[in-house]
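In case you want the letters, here they are:
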Amino acid sequence: MSLDINTVQTVSLIVIGVLVLLAILFAAIITKMITKLVMIAAVLVLAGLVWWQRDQLTECAQTCQCTFFGQEVILPESEFTQCAQ
């Protein structure tokens, strides 16, 4: 299954927002400090990975071979014509 690059960028922003909200929720709910720090760090690392992958999408448009966590991403028609040249 291939994904559209615009869809992936939009969904990744939504995922990052949800992960940040989840980190805030963990900070408010979890009472043990060590558990709180571990959970917040894990969620923020996941958000960072999604942001890094999203950032890679803008660079991969130049090589015309885009993936997002191993899934092939389809470039829009305007980008695809530049790749065919």
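The structure we're discussing is the one just above.
Calculation rules
- Residues numbered from 1 in each chain as written.
- Predicted model: local features only at pLDDT ≥ 70, side-chain atom pairs only at ≥ 80, totals over all residues.
- Heavy atoms only, no water.
- Axes fitted to C-alpha atoms, helices over the stretch in contact; angles between N-to-C directions.
- Helix = DSSP H or I, 4+ residues; strand = E, 2+ residues; numbered from the N terminus.
- Parallel < 35°, antiparallel > 145°, perpendicular 65-115°, else oblique.
- Left-handed = near helix turned anticlockwise from the far one by under 90°.
- Contact = heavy atoms within 4.5 Å.
- Nonpolar A, V, L, I, M, F, W, Y, C, P; charged D, E, K, R; others polar.
- Buried < 20%, exposed > 50% of the residue type's maximum accessible area, 1.4 Å probe, protein only.

Draft legend 1. Structural view of the packing of helix H1 (residues 5-29) against helix H2 (residues 33-60). Running from N to C, H1 and H2 point in directions that differ by 165°, and their axes come no closer than 9 Å. When the axes of H1 and H2 are compared, the pair comes out roughly antiparallel. Between H1 and H2 the crossing geometry is left-handed. Side by side, H1 and H2 meet where Ile5, Val8, Gln9, Ser12, Leu13, Val15, Ile16, Leu19, Leu22, Ala23, Phe26 and Ala27 of the first sit next to Lys36, Met39, Ile40, Val43, Leu44, Leu46, Ala47, Val50, Trp51, Arg54, Leu57 and Thr58 of the second. Here the contact of H1 with H2 is built from residues that sort into 19 nonpolar, 3 polar and 2 charged.

Draft legend 2. Seen up close, the environment of valine 11. Its place among the elements puts valine 11 in helix H1. Given the relative accessible area of 43%, valine 11 is considered partly exposed. Sequence-wise, valine 11 and arginine 54 are 43 residues apart; in three dimensions their C-alpha atoms are separated by 9.7 Å.

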